[in-house]
Amino acid sequence: MKKQTKLLTAGRDPEANFGIVNPPVYHASTILFPTVEALDKGAANRYEGYTYGLTATPTSVALQEAIAELEGYDQAIAVPSGLAAICAALLAFLGNGDHLLMVDSTYRPTRRFCDSMLKRFGIETTYYDPMIGAGISDLMRPETKVVFTEAPGSLTFEVQDLPAICQAAHAGGAKVILDNTWSGGVYLSAPDMGVDVSVQAVTKYIGGHSDLMMGSIAMNDEDFIKIKDAACELGYGAAPDDCFLALRGIRTINARLPIHQETGLKLANWLDQRPEVDRVLHPALPSCLGHEYWKRDFTGSSGLFGFVLKEQFTKTHVAAMLDDMELFAIGYSWGGFESLIVPYGTTPPRSALPWTSGQLIRIHAGLEAVEDLIADLEAGFVRLNA
Ligand SMILES: *Cc1c(COP(=O)(O)O)cnc(C)c1O
């Protein structure tokens, strides 16, 4: 059976629920035990069955089964945000004195976590060029425990050579974690790349409606206990109503993403022809760094991409363009049904390879008609030029 089909039944059990299609929402902190013996048994096997609301409820388990199916791993864990998923996955494998290789184009809050908390706890981070490929082996040390990847990179959209990086990391005894949010788990199979742990901001495409915060960590059985321990030690559990919304979102992800893809590509190609635009940063365009790896490893592209304006345009010009948009709203996050546009200035945070350019703008292509979105951008360019 195709994954698309399996995703519609994963985590569902109508027979145990009066025939109702969707799993019910269980709100739980305390879970009762009939006897002291049952309590002791629960404590000894605390990830089997239900022992406490934070560890598992039928609602979180249903969602986790569906996410594991989507990502193609044995197991998945739902946590309260995408950033929480990243932090728990890192803390599961890293300790005082360890070394982390972090991709330079990572999501900015991931970088902040490395530079603040991990540093205070004696974990050293080296940022590496996203295009390093097999060359990552030169940066590996005996104490390197994790190589963290993100493909494509946040804001600048470089696509990494994941199989080459995984091979080098595993040869040096390190685990590979991937931030797989951009593909939604739909357009990239992380386990096929050799990735050990795939994290996603469920907030984005799985949620799909800009109304929930959640993260997921997917892994095979061999890494499950270590990561589940880290999530539980940190006190991370996903809220039941958000699990319900995420599970509803996952049923339609394969219907929504092709529209995000098609609209994103049309907007990217349209922007590529504009005289104001220096370059478009979209993995499916040959001008994007790592485009050849996107072509080899991904089965599609989602709706998030960037573009860089020519040097003569300033922040003031950008504000004139963006402030009066009718459809494109200014706001963080992405992956919902609505289009968004965010200015990122001229210097995204980079240290391995400095990046300076014209004004960088990020677009999330929503589900609106593409003609309406193009008209909105066109009017924006008139304001930019005025
Ligand atoms: C949004 C995002 C996250 C974090 O997700 P939150 O749920 O907002 O914490 C992580 N990685 C990437 C690539 C993101 O875009």
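Calculation criteria
Along each chain, numbering runs from 1 in the same order as the chain's sequence is written. In keeping with the model being predicted, local features are shown solely for residues with a pLDDT of at least 70 and side-chain atom pairs are shown and tallied solely at 80 or more, while totals for entire chains, interfaces and linings include all residues. Only hydrogens and water are set aside when side-chain values are computed; all heavy atoms of the structure are taken into account. The working definition used for a salt bridge is a side-chain nitrogen of Lys or Arg within 4 Å of a carboxyl oxygen of Asp or Glu. Segments assigned H or I by DSSP are reported as helices when at least four residues long, segments assigned E as strands when at least two residues long, and all are numbered from the N terminus. Only protein chains enter the area calculation, which uses a 1.4 Å probe; residues under 20% of their type maximum are buried, those over 50% are exposed, and those in between are partly exposed. When DSSP finds at least two bridges between two strands, those strands are taken to pair. Angles here are taken between N-to-C directions and fall from 0 to 180 degrees, while the axes themselves are lines fitted to C-alpha atoms, restricted in helices to the stretch in contact. Contacts are residue-level and defined by heavy atoms, with any inter-residue pair within 4.5 Å sufficient. Candidates for patches are residues over 30% relative accessible area with no salt bridge; among them, like charges are joined within 9 Å and nonpolar side chains (Val, Leu, Ile, Met, Phe, Trp, Tyr) within 5 Å. With residues, only the protein chains shown are counted as cover, and all accessible areas are computed by Shrake-Rupley using a 1.4 Å probe. For a helix, the expected span equals 1.5 Å multiplied by the number of residues minus one. Summary of the distance rule: residues count as near a molecule or strand when at least one heavy atom falls within 4 Å of that molecule or strand. Side-chain atoms alone can form a polar contact between residues adjacent in sequence; in general such a contact is a pair of N or O atoms within 3.5 Å, and within protein one must be able to donate a hydrogen while the other accepts it. A 1.4 Å probe that fits but cannot get out identifies a cavity on a 1 Å grid over protein atoms alone, an open set with protein on both sides within 12 Å along at least five of seven lines counts as a pocket, and a residue lines either if it has an atom within 4 Å of a point. Pocket occupancy is defined atom-wise: a molecule lies in a cavity or pocket when more than half of its atoms are within 2 Å of its grid points. Handedness of a crossing is defined here by the sense of rotation of the near helix relative to the far one, left-handed for an anticlockwise turn of less than a right angle and right-handed for a clockwise turn. Residues grouped as a nonpolar core are buried Ala, Val, Leu, Ile, Met, Phe, Trp, Tyr and Cys residues, joined through side-chain atoms within 4.5 Å. Note that the domain bounds reflect an automated or database-derived domain assignment. The term buried area means the drop in 1.4 Å probe accessible area that two parts suffer when joined, counted for both and summed. Each Phe, Tyr or Trp ring, with Trp reduced to its six-membered ring, pairs with another whose centre is within 6.5 Å; inter-plane angles below 30 degrees give stacked pairs, above 60 give edge-to-face pairs, and intermediate values give tilted ones.

## Concerning the pattern of salt bridges
Within this structure, the stated rule accounts for 13 salt bridges. Close ionic contact of Arg 46 with Asp 229 constitutes a salt bridge, the shortest N to O distance being 3.3 Å. With Arg 46 in the loop between helix H2 (36–44) and helix H3 (58–71) and Asp 229 in helix H8 (residues 221–233), this residue pair connects regions lying 183 residues apart in the sequence. Look at Arg 46 and you get partly exposed, because its relative accessible area is 37%. When the shortest N-O distance is used, the salt bridge between Asp 278 and Arg 279 registers 3.3 Å. Classification of Asp 278 as partly exposed rests on a relative accessible area of 44%. Using a relative accessible area of 31% as the deciding quantity, one classes Arg 279 as partly exposed. Salt bridges here are not isolated pairs; linked through shared partners, they connect Glu 124, Arg 141 and Glu 143.

## Points about the sheet that holds strand S9 (residues 304–309)
With antiparallel pairing, the four strands of this open sheet are ordered in space as S8-S9-S11-S10. At either margin of the open sheet sits one strand with a lone partner, and together these are strand S8 (277–281) and strand S10 (340–343). Pairs of neighbouring strands in the sheet enclose a mean axial angle of 20 degrees, with direction left out of account. Pairing analysis gives five bridges linking S9 to strand S11 (residues 360–364), with the strands arranged antiparallel. Among the inter-strand pairings, Leu 304 is bridged to a residue of S11, identified as His 364. The strands that helix H12 (residues 370–385) touches are S8, S9, S10 and S11; relative to S9, the one it contacts most, it runs at about 25 degrees.

## Regarding a nonpolar patch on the surface
Nonpolar side chains collect at one region of the surface, where Ile 259, Phe 337 and Leu 367 lie side by side and expose about 240 Å² of accessible area between them. Among the structural elements, Phe 337 can be located in the loop between helix H11 (315–323) and S10.

## Here's the deal with helix H4 (residues 82–93)
Here H4 contains 12 residues, and its C-alpha end-to-end distance of 18 Å stays within 8% of the 16 Å for a straight helix at 1.5 Å per residue. Of all 12 residues in H4, 10 are buried; the element is thus mostly enclosed. Buried within H4 are the following residues: Gly 82, Ala 84, Ala 85, Ile 86, Cys 87, Ala 88, Ala 89, Leu 90, Ala 92 and Phe 93.

## Examining the sheet that holds strand S2 (residues 99–103)
Here seven strands make up an open sheet; going across it, the order is S1-S7-S6-S5-S4-S2-S3 and the pairing mixed. Every interior strand has two partners, whereas the edge strands, strand S1 (75–79) and strand S3 (124–128), have only one. Averaged over all pairs of adjacent strands, the angle between strand axes in this sheet comes to 20 degrees, irrespective of strand direction. Two strands pair when backbone bridges link them, and strand S6 (residues 197–201) and strand S7 (residues 215–219) are joined in this way by five bridges, in the antiparallel orientation. Following the sheet pairing, Ala 201 is matched in S7 by Gly 215. Contacts from H8 reach S1, strand S5 (175–179), S6 and S7, with the element oriented near 15 degrees to S1.

## Points about the site of the ligand
What surrounds the ligand is a group of 15 residues, the closest being Gly 82, Leu 83, Asp 179, Thr 203 and Lys 204. Between the ligand and Asp 179, the relevant distance is 2.6 Å, taken from a nitrogen atom to a side-chain nitrogen or oxygen of the residue. Interatomic distance of 2.7 Å between a side-chain N/O atom of Lys 204 and an oxygen atom of the ligand. When each cavity is represented as a set of grid points, the ligand is found to reside in the largest pocket. Top element by residues in the shell around the ligand is H4. It accounts for three residues.

## Focus: the packing of H4 against H8
The description of two packed helices rests on the angle between their axes and on the distance between the axes. Contact geometry of H4 with H8 gives a least axis separation of 8 Å together with a crossing angle of 115 degrees. You can see that H4 and H8 cross each other, and the crossing is right-handed. Along the contact surface, H4 presents Ala 88, Ala 92 and Phe 93, while H8 presents Asp 223, Lys 226, Ile 227, Ala 230 and Ala 231.

## Some details on the nonpolar core
Formed by 62 residues in total, the largest nonpolar core has its most connected members in Leu 63, Val 147, Val 195, Ile 206, Met 214, Ile 250 and Ile 253. Counting only domains with at least three residues in this core, you end up with domain 1 (3–249) and domain 2 (254–385). In this view, Val 147 contacts Leu 101, Tyr 128, Ile 136, Met 140, Ile 165, Ala 169, Ala 174, Lys 175, Val 176 and Ile 177; residues no more than four positions away in its chain are not counted. Counting residues in hydrophobic clusters, the runner-up holds 30 residues, among them Val 79, Leu 118, Val 146 and Ile 227.

## Considering the domain arrangement of the chain
If you check the domain split of the chain, you get domain 1 (3–249) and domain 2 (254–385). Between the C-alpha centres of domain 1 and domain 2 there is a distance of 27 Å. The interface is formed by 37 residues belonging to domain 1 together with 41 residues belonging to domain 2. A combined buried area of about 3500 Å² lies between domain 1 and domain 2, and 63% of that area is made up of carbon and sulfur atoms. Among the residues of domain 1 in contact with domain 2, Trp 182, Tyr 187 and Tyr 205 are the three that bury the most area, contributing 26% of the side total. Counting across the interface, domain 1 meets domain 2 through one salt bridge. With a shortest N-O distance of 2.7 Å, Arg 296 and Asp 161 are connected by a salt bridge. Inspection of the region where domain 1 meets domain 2 yields 19 residue pairs in polar contact (both at pLDDT 80 or more).

## Some thoughts on the packing of aromatic side chains
Considering all chains together, one arrives at four aromatic pairs under this definition. Centroid distance Trp 182 to Phe 298: 5.8 Å. Interplanar angle 70 degrees. Geometry classified as edge-to-face. You can see Trp 182 sitting in the loop between S5 and helix H7 (190–193) and its partner Phe 298 sitting in the loop between helix H10 (291–297) and S9, a full 116 residues away along the chain. A relative accessible area of 4% places Trp 182 in the buried class.

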